[in-house]
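Report on the structure
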Amino acid sequence: MKQVYTNENRLLAMNSKNRLENAGINVRLKNEYCSDGATPGHQAWLELWVDDGDYQDSLEVLKTALSDCSTEWTCQSCKEENSGEFKICWNCQQALSV
Ligand SMILES: [Zn+2]
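Residues numbered from 1 in each chain as written. Predicted model: local features only at pLDDT ≥ 70, side-chain atom pairs only at ≥ 80, totals over all residues. Heavy atoms only, no water.

1. A look at the coordination of the zinc ion
Around the zinc ion, the donor atoms from the protein are Cys75 (SG), Cys78 (SG), Cys89 (SG) and Cys92 (SG), and they sit 2.2 to 2.3 Å away. Coordination at the zinc ion comes from four donor atoms whose angles at the metal span 103 to 116°, giving a geometry best classed as tetrahedral. One chain supplies every donor to the zinc ion, and in sequence these donors are spaced C-x2-C-x10-C-x2-C. Cys75 sits in the buried class, given a relative accessible area of 1%. On the basis of relative accessibility, which here comes to 26%, the residue Cys78 falls in the partly exposed class. (Donors = N, O, S within 2.8 Å, 3.2 Å for Na, K, Ca; no water. Tetrahedral: all angles 85-135°; square planar, octahedral: opposite > 155°, others 65-115°. Buried < 20%, exposed > 50% of the residue type's maximum accessible area, 1.4 Å probe, protein only.)

2. A short note on the sheet that holds strand S2 (residues 28-30)
Within a sheet, adjacent strands bond to each other through the backbone by hydrogen bonds, running parallel or antiparallel. Taken together, the three strands give an open sheet; going across it, the order is S1-S3-S2, and neighbouring strands pair in antiparallel fashion. On the outer flanks of this sheet lie strand S1 (2-7) and S2, each paired with one strand and no other. Strand-to-strand twist in this sheet, taken as the mean axis angle between neighbours without regard to direction, amounts to 30°. Each of S1, S2 and strand S3 (46-50) is contacted by helix H1 (residues 10-22), which is oriented at about 15° to S3, the strand it contacts most. (Pairing = 2+ DSSP bridges. Helix = DSSP H or I, 4+ residues; strand = E, 2+ residues; numbered from the N terminus. Axes fitted to C-alpha atoms, helices over the stretch in contact; angles between N-to-C directions. Contact = heavy atoms within 4.5 Å.)

3. Focus: H1
Across its 13 residues, H1 extends 18 Å between first and last C-alpha, which sits within 8% of the 18 Å expected from 1.5 Å per residue. Its side-chain oxygen at 2.9 Å from the backbone nitrogen of Leu11, Asn9 defines the N-terminal cap of H1. Phi turns positive, to about 85°, at Gly24, one or two residues after H1. (Expected span 1.5 Å × (residues − 1). Polar contact = N/O pair within 3.5 Å; in protein donor to acceptor, adjacent residues only side chain to side chain.)

4. Describing the packing of aromatic side chains
A full pass over the atoms with the stated rule returns zero aromatic pairs. We note Lys2 situated over the ring of Tyr55; from NZ or CZ to the ring centre the distance is 4.9 Å. Over the ring of Trp49 we find Lys30; its NZ or CZ atom is 3.7 Å from the centre of that ring. (Phe/Tyr/Trp six-rings, centres within 6.5 Å; stacked < 30°, edge-to-face > 60°. Lys NZ or Arg CZ within 6 Å of the ring centre and 35° of its normal.)

5. So, the confidence of the model for the protein
Low pLDDT marks stretches whose predicted atomic positions should not be read closely. Of the residues in the protein, 83% reach a pLDDT of 70 or more, and the chain-wide mean stands at 84. When pLDDT is averaged over each element of the protein, S3 comes out on top at 94 and helix H2 (residues 55-67) at the bottom at 85. (pLDDT = per-residue confidence, 0-100.)

6. Structural notes on the nonpolar core
Core analysis: the biggest nonpolar cluster contains 17 residues, and Val4, Tyr5, Leu20 and Leu48 have the highest contact counts within it. The set of elements that each furnish at least two residues to this core consists of S1, H1, S3 and H2. Each of domain 1 (2-67) and domain 2 (70-98) accounts for three or more of the residues forming this core. (Core = buried A, V, L, I, M, F, W, Y, C linked by side-chain atoms within 4.5 Å. Domains from an automatic or database assignment.)

Right, here's the structure in full:
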């Protein structure tokens, strides 16, 4: 297993996980559960791990994903602002339609 992605923002990490899974790549999460409240001020970053054989493909998927993340967009359904890094609305899961 290799780590392909980590982010302190769990939404972004989960978004990347979705991208990888949509590309047919098996993803394992580490630090998914860390809400014990015992360590205030320090929260473990969510980590995405994949099989060694999927590592290169995963990098490609994430590279493509991050290259088109510059512009914000407004959800057609609920009118929430979304970071360009997302392809589905963080609020209502509506897919970005351009
Ligand atoms: Zn929405």
